[in-house]
Amino acid sequence: MEDRVHRARSPDMLITCIKCESRAVITSSNRIDPKLTQLYCACKNKDCGHTFVCDLSFCHTISPPKSDQYTALKGLIMTLPEKDRLTLLESVKNH
Ligand SMILES: [Zn+2]
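The notes below deal with the structure included here.

Cut-off values and rules
Residues numbered from 1 in each chain as written. Predicted model: local features only at pLDDT ≥ 70, side-chain atom pairs only at ≥ 80, totals over all residues. Helix = DSSP H or I, 4+ residues; strand = E, 2+ residues; numbered from the N terminus. Contact = placed C-beta atoms within 7 Å. Expected span 1.5 Å × (residues − 1). Buried ≥ 20, exposed ≤ 12 C-beta atoms within 10 Å, placed from the backbone. Pairing = 2+ DSSP bridges.

1. Overview of the overall build of the chain
Within the chain, the regular secondary structure consists of two helices and four strands. Listed N to C, the secondary structure of the chain is β-β-β-β-α-α in terms of helices and strands. Contacts in the chain between residues far apart in sequence, at least 24 positions, make up 19% of those at least 6 positions apart.

2. Thoughts on unusual backbone geometry
Positive phi, normally seen in glycine, also occurs at E21, with a value near 70°. One can find E21 in the loop between β1 (15-16) and β2 (23-33).

3. Describing helix α1 (residues 66-78)
Spanning 13 residues, α1 covers 18 Å between terminal C-alpha atoms, matching the ideal 18 Å at 1.5 Å per step. Counting buried residues along α1, only zero of its 13 residues qualify, which leaves the element largely exposed.

4. Structural notes on the environment of T16
With respect to the element layout, T16 can be found in strand β1. T16 gets classed as partly exposed once you count the C-beta atoms within 10 Å, which come to 15. In this structure, the C-alpha to C-alpha distance between T16 and K44, residues 28 residues apart in sequence, is 9.5 Å.

5. What about helix α2 (residues 82-93)?
The terminal C-alpha atoms of α2, which comprises twelve residues, lie 16 Å apart, in line with the 16 Å expected from a rise of 1.5 Å per residue. Counting buried residues in α2 gives zero out of twelve residues, a small share hidden from the surface.

6. Some remarks on the sheet that holds β2
Read across the sheet, four strands follow the order β1-β2-β3-β4 without closing on themselves; strand pairing throughout is antiparallel. Since the sheet does not close on itself, it has two edges, and those belong to β1 and β4 (51-57), each with one partner. Two elements, strand β3 (residues 36-43) and β4, share seven bridges in a ladder whose sense is antiparallel. Bridge pairing in β4 links L36 to S57.

7. Regarding the pairing of β2
When you tally the buried positions in β2, you get one out of eleven residues, a small fraction of the element. Between β1 and β2, which pair antiparallel and follow one another directly, the connecting turn spans six residues, one of which, E21, has a positive phi of 70°. Where β2 hands over to β3, the hairpin turn is made up of two residues, counted between the paired strands.

8. A word on the environment of S28
Along the chain, the position of S28 falls in strand β2. Here the alpha-carbon distance between S28 and C41, two residues 13 residues apart in the chain, equals 7.3 Å.

Here is the structure:
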């Protein structure tokens, strides 16, 4: 089975022209919202010349950012009575 998932090689993202399957380049982009960007693309095949727009959308998180982990942990710690919180912080300090 043909692998249709192109792995992005930093810094160039591999875009394939849907008309001729040649490599295309991103000429500009338009951020619609934090989870969606439209990519304006141009086929590099001189005999094709197709220009088109692709959507680049956020799919799902693989590993949450550190800021989310900190917020979740802090929320959990804040549910403890103050005495237990201080005991916990002291035990962490001593490690
Ligand atoms: Zn093309």
